[in-house]
Amino acid sequence: MAQDFAWIRPEPRGIHVVPADCWIDPSEPVGHALVTHGHADHARGGHGRTVATPETLAIMKLRYATSDGALPVGYGETIRLPGGVDATFVPAGHVLGSAQILLEHAGERVVVTGDYKRCPDPTCPPFEVTPCDVFITEATFGLPVFCHPPIEVEIGKLLDRLAAHPERCVLVGAYALGKAQRVIAELRRAGHSQPIYIHGALERMCRLYEDWGVDLGELRLVSDATKEDMRGHVVVCPPAALNDRWSRRLPSPVTAMASGWMRVRQRARQRNVELPLIISDHADWGELTRTVEEVDPHETWITHGREKALLRWHQLHQRRARALALVGYEDEDD
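Note that the coordinates shown come from a computational prediction; the quantities given were computed from them, not determined experimentally. (Residues numbered from 1 in each chain as written. Predicted model: local features only at pLDDT ≥ 70, side-chain atom pairs only at ≥ 80, totals over all residues. Heavy atoms only, no water.)

## Observations concerning the pairing of strand 8 (residues 85-91)
No. 1: In terms of burial, strand 8 is a largely internal element, 7 of the 7 residues being buried.
No. 2: Both faces of strand 8 are covered, namely the face carrying Val 85, Ala 87, Phe 89 and Pro 91 and the face carrying Asp 86, Thr 88 and Val 90.
No. 3: Summarising the sheet, strand 7 (residues 78-81) and strand 8 pair through 4 bridges and their orientation is antiparallel. Directly across from Thr 78, in strand 8, lies its bridge partner Thr 88.
No. 4: Where strand 7 folds back onto strand 8 in an antiparallel hairpin, the turn is made up of 3 residues, including Gly 83, whose phi is positive at roughly 80 degrees.
No. 5: Bridge count for strand 8 against strand 9 (residues 99-105) is 6 bridges, and the pairing is antiparallel. Across the sheet, Asp 86 pairs through a bridge with Glu 104, a residue of strand 9. (Buried < 20%, exposed > 50% of the residue type's maximum accessible area, 1.4 Å probe, protein only. Helix = DSSP H or I, 4+ residues; strand = E, 2+ residues; numbered from the N terminus. Pairing = 2+ DSSP bridges.)

In structure tokens, the structure reads:
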């Protein structure tokens, strides 16, 4: 099957759409890039032309000062690329603006997922299953051990700990784009209406989410508060600030971390995390395999992550698959 798709090539720096001479999530500047979402291992500045959802372009402008040559494409919208390739952006459910990209050429359909998850998220539209011939997927949590619990359970743990220690605060480490806003939105959905304090590094991205209609409730900057102000409250910061000198200004914080990697106890111990919260913006093992079954492609290509286990699953289920040697994709503080 792979030889039939000579028009799309996995190369070390990204997925090359040959007839259009464009790249999907390239790891270095190119003349023409299609970008699935705003995380730094997928979105980079310096491209001659950048095609992405309006939300992703807004994120790239904020984070990377990228705006020249930007072409916004809404969900469900199809554009014609050079060489007779059609590209349609479909929700991926990963973070605000995240999209799968459906490519159609010569009667063949290829879906590039970027990063994705299948569970509901109040900050972005849900993943949409899109039938195709070749399904190009991530495998960040591509091991059977990774089974993410319902987020309601993890948010419940956070709120229970907060109630049990009103003289302290709960300090949640969360990735600055996507995870922090999702944790805040899920707290609001759970009925937590108290002010939430945030690290200054999160402010601009939280405001951007609000500009795109995501209700985060009352947010206050830690820099504007006293220790007494923050007792009995949730504080959200980037993971790097959890054990930084910055945290000394907080009232005896209960240190928490929101990440799919909190399933691995050693990772929690390494970060001195008292309250691990298994909250991920990536598909877990069950979601990865279920998605392949629902999409039912002729062949699966795996871009990055735990490729070997997912390849073996395909073999056991008599499905064709291959791992791609792409560079530049990282395991973020998911």
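## Some points on the packing of helix 1 (residues 54-64) against helix 4 (residues 203-211)
No. 1: Between helix 1 and helix 4, the least distance of the axes is 11 Å, while the angle of their chain directions is 160 degrees. Viewed along their axes, helix 1 and helix 4 adopt a mutual orientation that is roughly antiparallel. The chirality of how helix 1 crosses helix 4 is right-handed. When helix 1 is examined against helix 4, the residues Ala 58, Ile 59, Leu 62 and Arg 63 are found in contact with a partner set consisting of Arg 204, Met 205 and Leu 208.
No. 2: For the contact of helix 1 with helix 4, a count of residues per class yields 5 nonpolar, no polar and 2 charged. (Axes fitted to C-alpha atoms, helices over the stretch in contact; angles between N-to-C directions. Parallel < 35°, antiparallel > 145°, perpendicular 65-115°, else oblique. Left-handed = near helix turned anticlockwise from the far one by under 90°. Contact = heavy atoms within 4.5 Å. Nonpolar A, V, L, I, M, F, W, Y, C, P; charged D, E, K, R; others polar.)

## Details of helix 2 (residues 151-164)
No. 1: A rise of 1.5 Å per residue sets the reference length of helix 2, with its 14 residues, at 20 Å; its end C-alpha atoms lie 20 Å apart and thus fit the reference within 8%.
No. 2: Along helix 2, the residues classified as buried are Ile 151, Glu 154, Ile 155, Leu 158 and Leu 162. Viewed along the axis of helix 2, the buried residues span an arc of 100 degrees, placing them on a single side of the element. Those residues of helix 2 that are exposed and aimed more than 90 degrees away from the buried face are Asp 160, Ala 163 and Ala 164. (Expected span 1.5 Å × (residues − 1). Arc of directions from axis to C-beta.)

## Quick look at the packing of helix 7 (residues 285-295) against helix 8 (residues 307-316)
No. 1: As a packed pair, helix 7 and helix 8 sit with axes 12 Å apart at the nearest point and diverge in direction by 40 degrees. Regarding the angle of helix 7 to helix 8, the classification is oblique. Our pair here, helix 7 against helix 8, has a crossing hand that is right-handed. Contacts between helix 7 and helix 8 pair Trp 285, Thr 289, Val 292 and Glu 293 from the former with Ala 309, Leu 310, Trp 313 and His 314 from the latter.
No. 2: Its residues assigned to classes, the contact of helix 7 with helix 8 comprises 5 nonpolar, 2 polar and 1 charged.

## Considerations on helix 7
No. 1: Within helix 7, the full set of buried residues consists of Trp 285, Glu 287, Leu 288, Thr 289, Thr 291, Val 292 and Val 295.
No. 2: Buried-residue contacts for helix 7 involve strand 11 (134-139), strand 18 (299-305) and helix 8.
No. 3: Where helix 7 begins, the capping side chain belongs to Asp 284, and its oxygen is found 3.2 Å from the backbone nitrogen of Gly 286.
No. 4: Phi for Asp 296, located one or two positions after helix 7, is positive at around 55 degrees. (Polar contact = N/O pair within 3.5 Å; in protein donor to acceptor, adjacent residues only side chain to side chain.)

## Looking at the nonpolar core
No. 1: The biggest cluster of nonpolar side chains holds 36 residues, and the ones touching the most others in it are Val 172, Tyr 209 and Val 236.
No. 2: It is helix 3 (residues 179-189) that contributes the most residues to this core, 5 residues altogether.
No. 3: Both domain 1 (8-145 + 282-323) and domain 2 (151-277) contribute no fewer than three residues apiece to this core.
No. 4: Among all residues touching Tyr 209, those that are not within four sequence positions of it are Val 95, Leu 96, Thr 123, Leu 177, Gly 178, Gln 181, Val 214 and Leu 216.
No. 5: Counting residues in each nonpolar core, the second largest holds 26 residues, with Leu 81, Val 85, Phe 89 and Ile 101 among its members. (Core = buried A, V, L, I, M, F, W, Y, C linked by side-chain atoms within 4.5 Å. Domains from an automatic or database assignment.)

## Looking at the sheet that holds strand 16 (residues 254-258)
No. 1: Taken together, 6 strands build an open sheet; the order of strands is 14-13-15-12-16-17 and the sheet is parallel. Each edge of the open sheet is held by one strand with a lone partner, namely strand 14 (219-221) and strand 17 (275-277). Each adjacent strand pair in this sheet contributes to an overall mean axis angle of 25 degrees, direction not counted.
No. 2: As defined by bridge partners, strand 16 adjoins strand 17 across 3 bridges and the pair is classed as parallel. Bridge pairing in strand 17 links Ala 256 to Leu 275.
No. 3: Across the face of the sheet, helix 2 comes into contact with strand 12 (170-173), strand 15 (234-237), strand 16 and strand 17 while running at roughly 155 degrees to strand 17.
No. 4: Relative to strand 14, helix 4 is tilted by about 160 degrees, and along the sheet it contacts strand 13 (196-198) and strand 14.

## A short note on the sheet that holds strand 10 (residues 108-112)
No. 1: Taken in spatial order, the 7 strands make up an open sheet running 7-8-9-10-11-18-19, and their pairing is mixed. For this open sheet the edge positions go to strand 7 and strand 19 (320-323), each flanked by a neighbour on one side alone. Averaged over neighbouring strand pairs, the angle between their axes works out to 25 degrees when direction is ignored.
No. 2: Helix-sheet contacts for helix 7 involve strand 11 and strand 18, and the interaxial angle to strand 11 is about 175 degrees.

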